[in-house]
Amino acid sequence: LCVYKEYRSIWLGLEVVCRIPRSKSTVFRDNTFHSICKGRLKMLLFTYLARAAIASLLLGAGIRWLAGTTSITDLMLNAVALNAILDVDEFLFAGFTPISIQLAVQNLEPVKMKYSRRRSQLESFGLLILLIGTLLGPYLFLLQPLAASMIAVKKELCGGN
């Protein structure tokens, strides 16, 4: 679920960036971006792509890692560790970015987004489908075979005389 939060943050950020008008130079006045140059736009798009790739890799690796965990205690510990990995960028921003830039980011004027009922429903439906796929896929392809092999080992070791 934390990865889906990251995906949603990336999507909303992309949507905001696409709404900023283009020009030859970036214009930032009164805590608002009035325009953005093509170079900065390309750099932002690259960072969003990198964030999506990292989130996807963490989702895949995390699912495989957690699916192989047999102890409930280890499962909880590993889930918290994966969540901490997703928060590293926020820790780095808070620790290494100058206070003046942090304040500038906090004081940015919010971009107004139009949300229709249909868009909200489509977004919810899309997230539901992704969630079902994320739960059903690992269950069928990772957990069921692991459980079957564990039962087979148990029968071999404990099912005899």
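Description of the structure in this document. Owing to the predicted nature of the structure, the values given are computational and were not obtained by experimental measurement.

Turning next to the packing of helix α1 (residues 2-19) against helix α2 (residues 38-67). Between α1 and α2, the shortest axis-to-axis distance is 10 Å and the interhelical angle comes to 165 degrees. By the angle class used here, α1 and α2 are roughly antiparallel. Along this stretch, α1 crosses α2, giving a crossing that reads as left-handed. Mapping the contact onto sequence places Val3, Glu6, Tyr7, Ser9, Ile10, Gly13, Leu14 and Val17 in α1 and Leu41, Leu44, Leu45, Tyr48, Arg51, Ala52, Ala55, Ser56 and Leu59 in α2. Split by residue class, the contact of α1 with α2 holds twelve nonpolar, three polar and two charged.

Its place among the elements puts Val16 in helix α1. On the basis of relative accessibility, which here comes to 25%, the residue Val16 falls in the partly exposed class. Along the primary structure Val16 and Leu41 are separated by 25 residues, whereas in three dimensions their C-alpha atoms are 11 Å apart.

Moving on, we come to the packing of aromatic side chains. Under the definition given, this model contains two aromatic pairs. Their ring planes at 50 degrees and their centres at 4.9 Å tell us that Phe28 and Phe33 sit as a pair that is tilted. Residue class for Phe33 comes out partly exposed when judged on its relative accessible area of 39%. One Lys or Arg, Arg119, reaches over the ring of Tyr115 and ends 4.4 Å from the middle of that ring.

Turning next to the pairing of strand β2 (residues 32-35). Bridging between strand β1 (residues 27-29) and β2 involves three bridges; their strand directions are antiparallel. Following the sheet pairing, Val27 is matched in β2 by Ser35.

Where charged atoms of side chains with opposite charge meet at close range, the side chains can pair. One pass over the full model with this rule turns up four salt bridges. A salt bridge links Arg119 to Glu15; the shortest N-O distance between them is 2.5 Å. A residue pair is termed long-range when its members are at least 10 positions apart, and Arg119 in helix α6 (residues 117-158) and Glu15 in helix α1 qualify at 104 residues. Salt bridges here are not isolated pairs; linked through shared partners, they connect Glu15, Arg19 and Arg119.

Cut-offs applied
Along each chain, numbering runs from 1 in the same order as the chain's sequence is written. In view of the model being predicted, local features appear only for residues whose pLDDT reaches at least 70, and side-chain atom pairs are presented and counted only at 80 or more, with totals across whole chains, interfaces and linings using the full set of residues. Note: side-chain values were computed over all heavy atoms of the structure, leaving out hydrogens and water. Simply put, an axis is a line fit to the C-alpha atoms, just over the touching stretch for a helix, and the angle between two N-to-C directions goes from 0 to 180 degrees. What counts as a helix is a DSSP run of H or I of at least four residues, what counts as a strand is a run of E of at least two, and both are numbered from the N terminus. Reported orientations rely on four angle classes, namely roughly parallel under 35 degrees, roughly antiparallel over 145, roughly perpendicular from 65 to 115, and oblique for the rest. Take the far helix as your reference; a near helix turned counterclockwise from it by less than a right angle gives a left-handed crossing, and one turned clockwise gives a right-handed crossing. Contacts are assigned to residue pairs with any non-hydrogen atoms lying within 4.5 Å of each other. Side-chain classes are defined by residue name, with Ala, Val, Leu, Ile, Met, Phe, Trp, Tyr, Cys and Pro counting as nonpolar, Asp, Glu, Lys and Arg as charged, and the others, Gly among them, as polar. Using a 1.4 Å probe on the protein chains alone, a residue whose accessible area is under 20% of its type maximum counts as buried, one over 50% counts as exposed, and one in between counts as partly exposed. Aromatic rings from Phe, Tyr and Trp, taking only the six-membered ring of Trp, are treated as a pair when their centres fall within 6.5 Å; an angle between ring planes under 30 degrees marks them as stacked, one over 60 as edge-to-face, and anything in between as tilted. Charge over a ring is defined by NZ of Lys or CZ of Arg lying within 6 Å of the ring centre and within 35 degrees of the ring normal. Strand pairing requires that DSSP identify at least two bridges connecting the strands. For this document, the term salt bridge refers to a Lys or Arg side-chain nitrogen within 4 Å of an Asp or Glu carboxyl oxygen.

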